[in-house]
Amino acid sequence: GESVGLHLPTLSVQEGDNSIINCAYSNSASDYFIWYKQESGKGPQFIIDIRSNMDKRQGQRVTVLLNKTVKHLSLQIAATQPGDSAVYFCAENIPGVGTALIFGKGTTLSVSS
Amino acid sequence: EPEVTQTPSHQVTQMGQEVILRCVPISNHLYFYWYRQILGQKVEFLVSFYNNEISEKSEIFDDQFSVERPDGSNFTLKIRSTKLEDSAMYFCASSFTGQDGQFFGPGTRLTVL
């Protein structure tokens, strides 16, 4: 599988590999995080979320890990498929500021078969 | 599965003209949002709306912008006098509690000539 230690704008993997997409968030007070998938010409699609009282949350083929010490979020996609090719964004919410989401820079995942 | 819908999918307008972008949020959601995404860039928050009033807005949301919930289903974004730099994808999103996932519509591509 592919492992990326720092945020990279692009990630290319082979079908069947595991993918890891990283995100550094901006505010240590942020307590809610969401990963979105955005396909070309479409709106962001909710994938998985996690609150700051958790370190890990699993969904179907996806896992989100939260490291509050270094303000780092990652999205792991198991057995990556061509249909997973998209831009992935992390988003955070800062409590007390409101309910707006602050989006990070996206990572373009390209899956080749 | 319920989803956020937006119309039109593409709007072309002349600089200085007024445009209204329309959204139908998910029916039982209480919080509504507008975001925009300039081509190739990250998603940016514009405004949130709850209980028939604006709850927060970003610096982008200046006096040229307004939002309205004219009836029980629609949520609109009006730009009074469009500028070239308003060209972007505009996304509507909705959330049930404001502290949970925000679900996005497919977007309206606004082109200002």
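See the structure printed just above.
Residues numbered from 1 in each chain as written. Chains lettered and ligands numbered in written order. Predicted model: local features only at pLDDT ≥ 70, side-chain atom pairs only at ≥ 80, totals over all residues. Heavy atoms only, no water.

Draft legend 1. Summary view of the overall build of chain A. Across its full length, chain A holds 0 helices and 10 strands. For chain A, the α and β elements follow one another from N to C terminus as β-β-β-β-β-β-β-β-β-β. Against the compact-globule benchmark of 13 Å for 113 residues, chain A has a radius of gyration of 13 Å, which places it among compact chains. With the principal axes as the frame, chain A shows a C-alpha extent of 45 × 30 × 25 Å. Split into buried and exposed, the 113 residues of chain A put 42% on the buried side. In chain A, which carries 9 positive and 9 negative side-chain charges, the distance between the mean positions of the two groups comes to 5 Å. (Helix = DSSP H or I, 4+ residues; strand = E, 2+ residues; numbered from the N terminus. Rg over C-alpha atoms; globule rule 2.2 N^0.38 Å. Buried < 20%, exposed > 50% of the residue type's maximum accessible area, 1.4 Å probe, protein only. Lys, Arg positive; Asp, Glu negative; His and termini not counted. Charge placed at Lys NZ, Arg CZ, Asp CG, Glu CD.)

Draft legend 2. Molecular detail of the sheet that holds strand β5 (residues 56-58) of chain A. Residues and elements named next belong to chain A. If you walk across this open sheet you meet the 4 strands as β2-β7-β6-β5, and the pairing is antiparallel. Sheet topology places β2 (19-24) and β5 at the edges, where each strand pairs with a single neighbour. Strand-to-strand twist of the sheet, defined as the mean angle between neighbouring strand axes without regard to direction, takes the value 15°. Judged from the 6 bridges that link them, β2 and strand β7 (residues 72-77) form a sheet pairing that is antiparallel. When the bridges of β7 are listed, S19 appears paired with I77. (Pairing = 2+ DSSP bridges. Axes fitted to C-alpha atoms, helices over the stretch in contact; angles between N-to-C directions.)

Draft legend 3. Here's a closer look at the interface of chain B and chain A. Listed by partner, the interface residues are 20 residues for chain B and 21 residues for chain A. In this assembly, chain B and chain A are joined by 0 salt bridges. There are 9 residue pairs in polar contact (both at pLDDT 80 or more) connecting chain B and chain A. Counting residues per element, the side of chain B that touches chain A draws most heavily on strand β4 (residues 31-37) of chain B, which supplies 4 residues. Class assignment of the residues belonging to the side of chain B that touches chain A gives a composition of 9 nonpolar, 8 polar and 3 charged. (Contact = heavy atoms within 4.5 Å. Salt bridge = Lys/Arg side-chain N within 4 Å of Asp/Glu carboxyl O. Polar contact = N/O pair within 3.5 Å; in protein donor to acceptor, adjacent residues only side chain to side chain. Nonpolar A, V, L, I, M, F, W, Y, C, P; charged D, E, K, R; others polar.)

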